[in-house]
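# Descriptive analysis of the structure
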Amino acid sequence: MRARLLIGNWKMNKTASEAVLFVEQLSRLLGDFSGIHVGLAPPFTALHAVRTTLGRESALLLGAQDLHWEDKGAYTGEISGPMLKDLGCRFVLIGHSERRHLFGESDAATNKKVAAAVRHGLQPVLCIGERLEEREGNLTDSVIERQLKAGLAGLAPEAIRGVAIAYEPVWAIGTGRAATPEQAVEVHLKTRSILNELVEPGCGQRIPILYGGSVTPQNLSSFLASSEVDGALVGGACLDPSSFGTLIHITKTPAG
């Protein structure tokens, strides 16, 4: 059975000092959340502060929002897998829609980043999703298939088995307009079918797939009601400790 996973993507928010305050407040709010995995993805500048504040015994997982595909070199402004690993990161977001559409990140670049994450023992959380015009043009399935196959190209089956997928319809991110649970489930089923084709029958049923796109404490339960949705990649609603604590509680609560 797949464990639920909730990731808070802070994007370009919170200084290192603000990050420390957030983690301290969140830690006071948290009860037992065994049985699920919870990750924080602060900006690069706050990773060390968050790791130090969490301590080595914390069950909260530390992750990054991006990485470069090379281990080191003349890449001004970039951060490598070994740097993230040394900071205590366990996972890394790759191919987020804002990287793809604001910064022109290609499927080929995303693929190299996934390979770099695997190479350095970081779990890739590969983000996929369609734009509004693509959904309205009935192109959702083809976009998802292209992004998924390109992002995982060349990876060994055992590496693909260790990946997590986040479906984030671009038209729902930061807009307050979430996809319906039915729309999310439809894409998650398609994603699992593609993974079965890429690796082996049953592979898609073992890989966690998250929903991302205007997730709130008010709508998360409706997504988690389906066994096809294994958790959420959260943006704005993760920036307040109380709100994120509520999301953790909802994720821990069994569906039904």
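Residues numbered from 1 in each chain as written. Predicted model: local features only at pLDDT ≥ 70, side-chain atom pairs only at ≥ 80, totals over all residues. Heavy atoms only, no water.

### Overview of the overall build of the protein
Broken down by element type, the protein carries twelve helices and eight strands. In summary, the protein has a C-alpha radius of gyration of 17 Å against a globular reference of 18 Å for 256 residues, a match within 12%. Dimensions of the protein, computed from the C-alpha atoms along their principal axes, are close to 50 × 45 × 35 Å. For the protein, buried positions account for 50% of its 256 residues. For the protein, restricting intrachain contacts to residue pairs at least 6 apart in sequence, the fraction spanning at least 24 positions comes to 72%. Element-wise, carbon and sulfur atoms account for 53% of the exposed surface of the protein, whose accessible area totals about 11,500 Å². With 25 positive and 27 negative side-chain charges, the protein shows a spacing of 4 Å between the two charge centroids. (Helix = DSSP H or I, 4+ residues; strand = E, 2+ residues; numbered from the N terminus. Rg over C-alpha atoms; globule rule 2.2 N^0.38 Å. Buried < 20%, exposed > 50% of the residue type's maximum accessible area, 1.4 Å probe, protein only. Contact = heavy atoms within 4.5 Å. Areas by Shrake-Rupley, 256 points an atom, 1.4 Å probe, with all protein chains shown as cover. Lys, Arg positive; Asp, Glu negative; His and termini not counted. Charge placed at Lys NZ, Arg CZ, Asp CG, Glu CD.)

### Let's talk about the nonpolar core
Core analysis: the largest hydrophobic core is formed by 63 residues, its most contacted members being L40, V50, L152, I165, Y211 and F244. Top element by residues in this core is helix α9 (residues 181-198). It accounts for five residues. Among all residues touching I165, those that are not within four sequence positions of it are L126, I128, L148, T191, L195, I207, P208, I209 and L210. Of all hydrophobic cores here, the second largest spans twelve residues; its members include L5, L61, C127 and A164. (Core = buried A, V, L, I, M, F, W, Y, C linked by side-chain atoms within 4.5 Å.)

### A word on the packing of aromatic side chains
Scanning the model with the defined rule gives three aromatic pairs in all. Between W10 and F22, the ring centres sit 4.9 Å apart and the planes meet at 70°, which makes this aromatic pair edge-to-face. Taken as a pair, W10 in the loop between β1 (4-9) and α1 (16-29) and F22 in helix α1 lie far apart in primary sequence, twelve residues in all. The exposure class assigned to W10 is buried, which follows from its relative accessible area of 0%. (Phe/Tyr/Trp six-rings, centres within 6.5 Å; stacked < 30°, edge-to-face > 60°.)

### A short note on helix α7 (residues 140-151)
Between its first and last C-alpha atoms α7 spans 16 Å; for twelve residues at 1.5 Å apiece the expected length is 16 Å, and the two agree. Among all positions of α7, only T140, V143, I144, Q147, L148 and G151 are buried. Across the axial projection of α7, the buried residues extend over an arc of 120°, all falling on one side. Buried residues belonging to α7 abut α4 (97-102), α5 (107-119), β5 (123-128), α6 (132-136), β6 (164-167) and α9. (Expected span 1.5 Å × (residues − 1). Arc of directions from axis to C-beta.)

### Focus: the pairing of strand β2 (residues 36-41)
Among the six residues that make up β2, five are buried, leaving the element largely enclosed by the rest of the structure. As paired elements, β1 and β2 share six bridges and run parallel to each other. Bridging across to β2, N9 finds its partner in A41. One crossover worth recording links β1 to the parallel β2 by way of α1, and it is right-handed. For the segment spanning β2, helix α2 (residues 47-54) and strand β3 (residues 61-64), crossover handedness is right-handed. (Pairing = 2+ DSSP bridges. Right-handed = clockwise from strand over helix to strand, strands pointing away.)

### Brief notes about the side chain of N196
Considering the arrangement of structural elements, one finds N196 in helix α9. Among the polar contacts made by the side chain of N196, one reaches the main-chain amide nitrogen of G202 at a distance of 3.1 Å. Excluding residues that lie within four positions of it along the chain, N196 makes contacts with P201, G202, C203, G204 and Q205. (Polar contact = N/O pair within 3.5 Å; in protein donor to acceptor, adjacent residues only side chain to side chain.)

### Quick look at the pairing of β1
Of all the six residues making up β1, six are buried; the element is thus mostly covered by neighbouring parts of the structure. Across the two faces of β1 the burial is the same, with R4, L6 and G8 and L5, I7 and N9 all buried. Sheet topology note: the β1/strand β8 (residues 231-234) ladder contains four bridges and is parallel. Pairing of G8 across the sheet is with V234, part of β8.

### Side note on α1
Counted at 1.5 Å a residue, the expected span for α1 with its 14 residues is 20 Å, and the 20 Å between its end C-alpha atoms agrees. Those residues of α1 not exposed but buried are A19, F22, V23 and L26. For α1, the arc enclosing every buried residue in end-on projection is 95°, short of the 170-degree limit, so these residues lie on one face. Among the exposed residues of α1, those pointing more than 90 degrees away from its buried face are S17 and R28. At its buried positions, α1 is contacted by β2, α2 and α12 (241-252).

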